[in-house]
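Residue-level structural notes
Residue strings, one per chain:
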Amino acid sequence: MPIEVKNVTHTYMAGSSISVNAIENINITINDGEFLGIIGHTGSGKSTFIQHLNGLVQPTSGTITVDGYDMRDKKQKVLGRRLVGMVLQYPEYQLFEETVYKDIAYGPKNMGLDEKAIDDRVREAMDHVGLEFKKFADKSPFELSGGEKRRAAIAGVIAMRPKYLVLDEPMAGLDPKGRKNILNMLESLRQATNCSIIMVSHSMDDVARSAQRIMVINEGKIAKLGSPEDVFSDAEGLVEMGLDVPRISALAIEMRKRGIDVPKNIFKAEQMLEFIKGIKAQERK
Amino acid sequence: MFKDITLGQYYPSDSAIHKLDPRTKILTMIFYIVAVFLVNRIYAFIFPAIYVVSVMLIAKIPLRYIKNSIKPIKWIIIFMFILNLFLSTNVENPTVVFEWWILRITHESIYRSIYITLRLITLVAGTSLMTLTTTPISLTDGLERLLAPLKAIKFPVHELAMMMTIALRFIPTLLEEVDKITKAQLARGADFESGSIIKRAKSMIPILIPLFISAFRRADELAMAMESRCYHGGEGRTKMNVLKFHINDLYAILVMIGMCAVIVVIQMLLPIL
C-alpha cells in the first residue's frame, strides 16, 4: 500500500494577515519500493512537504494516508508514523546517548520491542550504514567523525525498519566521498529491504543518478513530476526556475547554445560520452 | 510545544515614539513607574491610563496589545485581588460587608483590592510600551549608554550589554533548534506527553542534551568568529549608529515629569475616594 497525498495545502500563520502558503495543493502517490527524489530551491516548501509524510506537520487542508492510516487522526498517526522513518537535515545533531549502540536503540525501544529484537535491529542497522559493530557500538557518538556521526544518526532511523524512509538533504555538508557513501548505502538498503526512499536533495547529480522518479517543487507547488528523463529533458525550464541542473545537462545547454544539437534526454555522463563519440565518428566519415 | 514562548514583543511601526532614543524610553519608563506609585486615589489612575492609550495611538499600535501584555500576569492579578479582599485593613471600625468563619470582606478591603489591581494593570501596560516600541538590540544599546558612568568603578558595562545582545539574538535560534530536535526525536517514536512527571522529565533528555551540545558549539564558533574580527571588548570601540537626543526626546521627558506633577497636585486638591 502506498502513501497517498491528496490536495495538501499548508499555510503558515493561517488566519493572520501575514499567512503564507508553504505548499499548495500537492497530489502524489508514493509507491512501495520506489526511489523518489524531491528537488526545489531553498524556501520552496520541500522540507514542509516531507514533514507531512509522518505527521510532524499537519496539513491546513487535504489528506495524507500512509498505508491506509489517516495521518490527521491522533491514534492512526502513531501507527502510520512507525512506517515512515524520517531523517531530518543534519541528523547528527539529534545524537544524545552515551554510546552509539544506545542511540540507535532509542527508536526501537520507543516501539516497545524486547532486548533481543532491539539488539537484532541495532546490529542490522549498523551493518546497513557500514559502521562496524565491534568498533563503534560502545563508542560515544561524539567521538565519531562527521560522516560517521551522520551514518550513526541514519542508523537510528533505519533500526525502526521503516517501510518508507524519508531523508531531508542526507548528504548536506559531506565531502564527495561521504556523499557517495550515503547514496550507495541508500540504494543497497532499498534493494535489501525493499523500502521506499524519499530523498530531498540540492544536488541534481545525486538525484539524477539514483531516483526513479523526481518531483520538482517550486513556490510550494509541484512544478514537475516524472522520470529523470522527463524532468531533465527540460533542463532550460529548471534553470528558469532558479534550480541547478545535473552537470551534464548544464553542458548540454551550453552545447546547444553553440549550435550542437544535443538530444533532450541526455543528462548522464555515459549518455553524453556516447553522443560525443557518435559526433566524432560522423566527423571522421 | 515551545512555540508559544515569545520574548521581546516588538511591534514594528513607523512612528515618533518608535524613533525616540532608547535612553529616553528607559528613563520615561522609570518616571512612569514612579508616577504609578505616586497614585494613591483610585480616580488618579486615569492619568497613567490616558498616557498609555495616547502613547499607543501615537505609536500606531493596536489597543488590543494592552490586553496581550496583561494576559501573562492575569493569575497574579486575580490572586492579588482575592488576597487583598480578605486581608484586614488597619482601619478602626471597618464597614463589614460579608463575614464567614475567619474570612471577612470590608468596604476598605474591596477598595484596596481594586486599587492594587489597577496599579498592577497600569504598571504592566505602561512598561510593556517600552518593549513594544523598542527592539531588544536598541534597548541594550540604550542601557549600555545609560550605565556608562559605572565604567569609572571598573564595572564591565560594554561586556554586559554585549552578553545581553548575544543572549537575545540567540533565543529565536535556540527555539528553532528545539523545534528541530523535538521533531527528530518524535520521528523516532519519542513520547513527551504521557506518563508520570518523572517519566516526562526523563523524556526531555533526548532534547536537552543535543540542545546543550549545539549551544556550546555555537558559542565556541561565535567566539572564534568575533576574535578573528579582532573583537577585544569595549575599549576604543565606536558605534555604527551613535545615539542622539532629539527635540522629541525632550518633549517625552517633559510630558512624563508633567504627569507626575499633575498626579501629585490633583491628589492634594481633591482628596476624595
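Residues numbered from 1 in each chain as written. Chains lettered and ligands numbered in written order. Predicted model: local features only at pLDDT ≥ 70, side-chain atom pairs only at ≥ 80, totals over all residues. Heavy atoms only, no water.

With that settled, consider the overall build of chain B. Looking only at helices and strands, chain B features 11 helices and 2 strands. Along its sequence from the N terminus, chain B presents helices and strands in the succession α-α-α-α-α-β-β-α-α-α-α-α-α. The C-alpha radius of gyration of chain B comes to 24 Å, more than 25% above the 19 Å expected for a compact globule of 273 residues. Along the longest, intermediate and shortest principal axes, the C-alpha atoms of chain B span 70 × 60 × 40 Å. Of all 273 residues assigned to chain B, the portion counted as buried reaches 34%. Across chain B, contacts joining residues at least 24 apart in sequence account for 75% of those joining residues at least 6 apart. Summing over all exposed atoms, chain B offers an accessible surface of approximately 17,200 Å²; the carbon and sulfur share of this is 70%. (Helix = DSSP H or I, 4+ residues; strand = E, 2+ residues; numbered from the N terminus. Rg over C-alpha atoms; globule rule 2.2 N^0.38 Å. Buried < 20%, exposed > 50% of the residue type's maximum accessible area, 1.4 Å probe, protein only. Contact = heavy atoms within 4.5 Å. Areas by Shrake-Rupley, 256 points an atom, 1.4 Å probe, with all protein chains shown as cover.)

Right, let's talk about the overall build of chain A for a bit. Across its full length, chain A holds 12 helices and 10 strands. What you see for chain A is a C-alpha radius of gyration of 21 Å, in line with the 19 Å of a compact globule of 285 residues. With the C-alpha coordinates of chain A rotated into their principal frame, the extents come out at 70 × 50 × 35 Å. For chain A, the proportion of its 285 residues judged to be buried stands at 52%. Considering only intrachain contacts with a sequence separation of at least 6, the fraction spanning at least 24 residues in chain A is 61%. Summing over all exposed atoms, chain A offers an accessible surface of approximately 13,400 Å²; the carbon and sulfur share of this is 49%. Here chain A contributes 39 positively and 39 negatively charged side chains, and the mean placements of these two sets differ by 1 Å. (Lys, Arg positive; Asp, Glu negative; His and termini not counted. Charge placed at Lys NZ, Arg CZ, Asp CG, Glu CD.)

On to empty space enclosed by the protein. One pass over the full model with this rule turns up 1 cavity of 30 Å³ or more. Its volume calculated, the largest cavity comes out at about 60 Å³. The wall of the largest cavity is formed by L88(A), Q89(A), Y90(A), P91(A), Y93(A), Q94(A), K180(B), I181(B) and A184(B). Here the residues of the lining of the largest cavity sort into 6 nonpolar, 2 polar and 1 charged. (1 Å grid on protein atoms, 1.4 Å probe; cavity = no way out; pocket = protein on both sides within 12 Å on 5 of 7 lines; lining within 4 Å. Points joined across faces, edges and corners; volume = space filled by probe spheres on them. Nonpolar A, V, L, I, M, F, W, Y, C, P; charged D, E, K, R; others polar.)

Let us look at the sheet that holds strand β6 (residues 84–87) of chain A. All names here are of chain A. In spatial order, the strands read β6-β7-β8-β3-β9-β10; together these 6 strands make up an open sheet with mixed pairing. Edge positions in the sheet fall to β6 and β10 (221–226), since each of these pairs with one other strand and no more. On average, adjacent strands in this sheet sit at an angle of 15° to one another, irrespective of strand direction. Both strand β3 (residues 35–39) and strand β8 (residues 196–200) contribute to a ladder of 4 bridges, which runs parallel. Note that in β8 the partner of L36 across the bridge is I198. Together, β6 and β7 (164–168) form the strand contacts of helix α2 (residues 74–83), whose direction differs from that of β6 by roughly 70°. Helix α6 (residues 146–158) contacts β6 and β7 of the sheet and is inclined by roughly 165° relative to β6. (Pairing = 2+ DSSP bridges. Axes fitted to C-alpha atoms, helices over the stretch in contact; angles between N-to-C directions.)

All right, on to the packing of aromatic side chains then. Applying the stated criterion to the full structure yields 8 aromatic pairs over all chains. Taken together, a centroid distance of 5.9 Å and an interplanar angle of 80° make the contact between Y101(A) and F133(A) edge-to-face. Placement of Y101(A) in helix α3 (residues 100–110) and of F133(A) in helix α5 (residues 133–136) is noted, with a sequence separation of 32 residues between them. Taking 5.0 Å as the distance between ring centres and 65° as the angle between the ring planes, the aromatic pair formed by Y11(B) and Y65(B) counts as edge-to-face. Taken together, the residues Y11(B) in the segment before α1 (16–19) and Y65(B) in helix α4 (residues 64–70) connect sequence positions 54 residues apart. Across the ring face of F133(A), the terminal group of R123(A) is positioned such that the distance to the ring centre comes to 3.9 Å. Lying across the ring of F170(B), R169(B) places its NZ or CZ 4.9 Å from the centre. (Phe/Tyr/Trp six-rings, centres within 6.5 Å; stacked < 30°, edge-to-face > 60°. Lys NZ or Arg CZ within 6 Å of the ring centre and 35° of its normal.)

All names here are of chain A. Pairing of strand β9 (residues 213–218) with β10 involves 5 bridges; the strand directions are antiparallel. The residue of β10 that forms the bridge with M215 is L225. Hairpin remark: β9 followed by β10, antiparallel, with 2 residues in the connecting loop; positive phi at E219, about 50°.

Residue and element names in this part refer to chain A. Spatially, 4 strands are ordered β2-β1-β4-β5 in an open sheet, and the strand pairing comes out antiparallel. The sheet is open, and its two borders are formed by β2 (20–30) and β5 (69–70), each paired with just one other strand. The sheet contact formed by strand β1 (residues 3–12) and β2 spans 7 bridges and is antiparallel. The residue bridging V5 from the neighbouring strand is I28, located in β2.

Next up on the list: the packing of helix α2 (residues 22–38) of chain B against helix α6 (residues 107–133) of chain B. Residues and elements named next belong to chain B. Viewed as axis vectors pointing N to C, α2 and α6 meet at an angle of 175°, and their least axial separation amounts to 10 Å. Here α6 runs roughly antiparallel to α2, going by the angle between their axes. Where α2 approaches α6, its residues K25, I26, M29, Y32, I33, V36 and F37 are matched on the opposing element by R119, T122, L123, G126, T127, M130 and T133. Considering only residue class, the contact of α2 with α6 consists of 8 nonpolar, 4 polar and 2 charged. (Parallel < 35°, antiparallel > 145°, perpendicular 65-115°, else oblique.)

Nothing here speaks to function; it is all geometry.
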